[in-house]
Amino acid sequence: MPELLSLGECMIELFADRPLAEATTLIKTFGGDTCNALVAAARLGTSTGFITRVGDDPFRDFLLHAWRREGIDTSLCRIVPGFNGLYLIALGNNGAREFIYYRSGSAASTLEPADLDQEALRQCRMLLVSGISQAISVTARAAVQVASGIVHRHGGDVAYDPNFRPRLWNAEEARAALTALLPTIAIALPSAPEESDLLLGVTDPAEIADFYLSHGVKIVAVKCGERGVFVADEGASCWVEAVPPRQVIDTSGAGDTFNGAFLHAILRGFSLRTAAQLGATAASLKVEGRGAVASQPRGPQVWERLKAYYG
Ligand code: ADP
């Protein structure tokens, strides 16, 4: 049984290094918040598994093989008739990025509670879910709720990244979904200031952490971009500063990389500070390269940079 499971949608990514209006070549890869975090954890040595629906289009085998190559167990993935979600990213001339998503009605968005393997969830040590997993459809939201409830009731830890995307739903819906899930959440991984402002009306990292802790969450890591991360549990809190990257090429997926590395450390019983340092170091290495997955670092590189920076 993998140490870390996650549930959500992973899409095909098509990347162009020029604006879409001009690009003639698109490079195929994959990406999706909860899946990106699994790659980050797997590259550090955690055993991982993904819960999703995969459409039976020509991308089915590409996705399954790519996940397996990253060490992600796919036995909890259900193959169904339908298409896999897709997004395009293009780099504009002035460094701006264009994003286009084709995900509405995708196979993953039809995930429902009946897809869940109850026994696997009862044995699960840690499950990562996100606001995106909840936002993609009403049935996926129900699957997140049921899966988290089972893991929580059987002594596993549910980790939650609100990852609020106004494109997918509004703040009121997201708040209601968060409120419903809160009693099951052990580890919260919010971002500040924008996301927490929209969701909770709070921007101060210590106040954001207090919100989650006062609702029974055990560990909170508030990701604050270049400012670093504020971590807290019932007994203590601290700031861990960000690791300056040698160059910033692409910050997309930095939060997912942080999540995967942080959860890898928590599963190994490391202190909150060390877990946050590992997350911040892995995320810093990720932003030095392009893509949410391709530029994710591996274990030795992360530990070497962590020691060089934090001592
Ligand atoms: P999210 O993608 O969820 O909004 P953040 O942007 O806060 O998350 O990034 C997560 C973590 O990645 C940060 O806490 C920080 O440690 C690291 N990080 C992100 N952007 C940078 C950057 N430009 N330089 C250094 N570290 C960064």
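Residues numbered from 1 in each chain as written. Predicted model: local features only at pLDDT ≥ 70, side-chain atom pairs only at ≥ 80, totals over all residues. Heavy atoms only, no water.

Describing the overall build of the protein chain
Looking only at helices and strands, one finds 11 helices and 14 strands in the protein chain. Computed over C-alpha atoms, the radius of gyration of the protein chain comes to 18 Å, within 12% of the 19 Å expected from 2.2 N^0.38 for 311 residues, which places it in the range of a compact globule. Each of the three principal axes of the protein chain carries a C-alpha extent, and together these read 50 × 45 × 35 Å. Counting the 311 residues in the protein chain, one finds 58% classified as buried. Taking the intrachain contacts of the protein chain between residues at least 6 apart in sequence as the baseline, contacts between residues at least 24 apart amount to 70%. Between the averaged position of the 28 positive side-chain charges in the protein chain and that of its 34 negative side-chain charges there is a distance of 5 Å. (Helix = DSSP H or I, 4+ residues; strand = E, 2+ residues; numbered from the N terminus. Rg over C-alpha atoms; globule rule 2.2 N^0.38 Å. Buried < 20%, exposed > 50% of the residue type's maximum accessible area, 1.4 Å probe, protein only. Contact = heavy atoms within 4.5 Å. Lys, Arg positive; Asp, Glu negative; His and termini not counted. Charge placed at Lys NZ, Arg CZ, Asp CG, Glu CD.)

Section: the site of the ligand
By nearness alone, 13 residues border the ligand, and S191, G225, G228, G255 and A283 come closest of all. Residue S191 places a side-chain N or O atom 3.0 Å away from an oxygen atom belonging to the ligand. G225 has a polar backbone atom sitting 2.6 Å from an oxygen atom of the ligand. In isolation the ligand exposes 550 Å². Once the protein is present, 83% of that is buried. With respect to the detected pockets, the ligand is housed in the largest pocket. Within the residue set of the shell around the ligand, elements represented by two or more residues are α9 (254-267) and α10 (272-287). (Near = heavy atom within 4 Å. Polar contact = N/O pair within 3.5 Å; in protein donor to acceptor, adjacent residues only side chain to side chain. Areas by Shrake-Rupley, 256 points an atom, 1.4 Å probe, with all protein chains shown as cover. 1 Å grid on protein atoms, 1.4 Å probe; cavity = no way out; pocket = protein on both sides within 12 Å on 5 of 7 lines; lining within 4 Å. Sits in = over half its atoms within 2 Å of the grid points.)

Some remarks on the packing of helix α1 (residues 33-44) against α9
Two numbers describe how α1 lies on α9: the axes approach to 7 Å, and their chain directions differ by 45°. Here α9 runs oblique to α1, going by the angle between their axes. In the crossing of α1 with α9, the sense of the turn from one axis to the other is right-handed. Contact residues: D33, N36, A37, A40, A41 and L44 in α1; D256, T257, N259, G260, A261 and H264 in α9. (Axes fitted to C-alpha atoms, helices over the stretch in contact; angles between N-to-C directions. Parallel < 35°, antiparallel > 145°, perpendicular 65-115°, else oblique. Left-handed = near helix turned anticlockwise from the far one by under 90°.)

Re unusual backbone geometry
Note the cis peptide between A192 and P193, where omega equals 0°. As for its placement among the helices and strands, P193 is situated in the loop between β11 (185-188) and α7 (194-200). The residue N163 is not glycine, and still its phi comes out positive at about 30°. In this structure, N163 sits in the loop between β10 (157-161) and α6 (171-181).

Details of the environment of F30
One can find F30 in strand β3 (residues 27-31). It is 25 Å that separates the C-alpha atoms of F30 and A120, two residues lying 90 residues apart in sequence.

A look at the sheet that holds strand β7 (residues 86-91)
Spatially, β3-β2-β7-β8 is the arrangement adopted by the 4 strands of the open sheet, whose pairing is mixed. Every interior strand has two partners, whereas the edge strands, β3 and β8 (97-102), have only one. The mean inter-strand angle of the sheet, taken between neighbouring strand axes irrespective of direction, is 25°. Where β7 meets β8, 6 bridges bridge the pair, whose relative direction is antiparallel. (Pairing = 2+ DSSP bridges.)

A word on the packing of helix α5 (residues 138-153) against α6
Close contact between α5 and α6 brings their axes to 10 Å; oriented N to C, the two are set at 20°. For the element pair α5 / α6, the angle class is roughly parallel. The interaxial crossing formed by α5 with α6 has right-handed handedness. Seen from α5, the contacting residues are R141, V144, Q145 and S148; seen from α6, they are E173, A177, A180 and L181. Taken together, the residues that form the contact of α5 with α6 break down as 4 nonpolar, 2 polar and 2 charged. (Nonpolar A, V, L, I, M, F, W, Y, C, P; charged D, E, K, R; others polar.)

Quick notes on helix α2 (residues 60-69)
Among the residues of α2, F62, L63, L64, A66 and W67 are the ones counted as buried. Elements that come into contact with the buried residues of α2 comprise β2 (11-16), β3, α1, β4 (48-55), β5 (72-73) and β6 (77-80). At the C-terminal side of α2, G71 shows a positive phi close to 85°.

Topic: the packing of aromatic side chains
Evaluated as defined, the whole model comprises 8 aromatic pairs. On the numbers, 5.7 Å between centres and 65° between planes, the contact of F230 with W239 is edge-to-face. Accessibility expressed as a relative area gives 36% for W239, which makes it partly exposed. A centroid spacing of 5.4 Å and a plane angle of 20° characterise the contact between F258 and F262, whose relative ring orientation is stacked. Note that F258 and F262 are positioned in helix α9 at a spacing of 4 residues, about one turn of the helix. (Phe/Tyr/Trp six-rings, centres within 6.5 Å; stacked < 30°, edge-to-face > 60°.)

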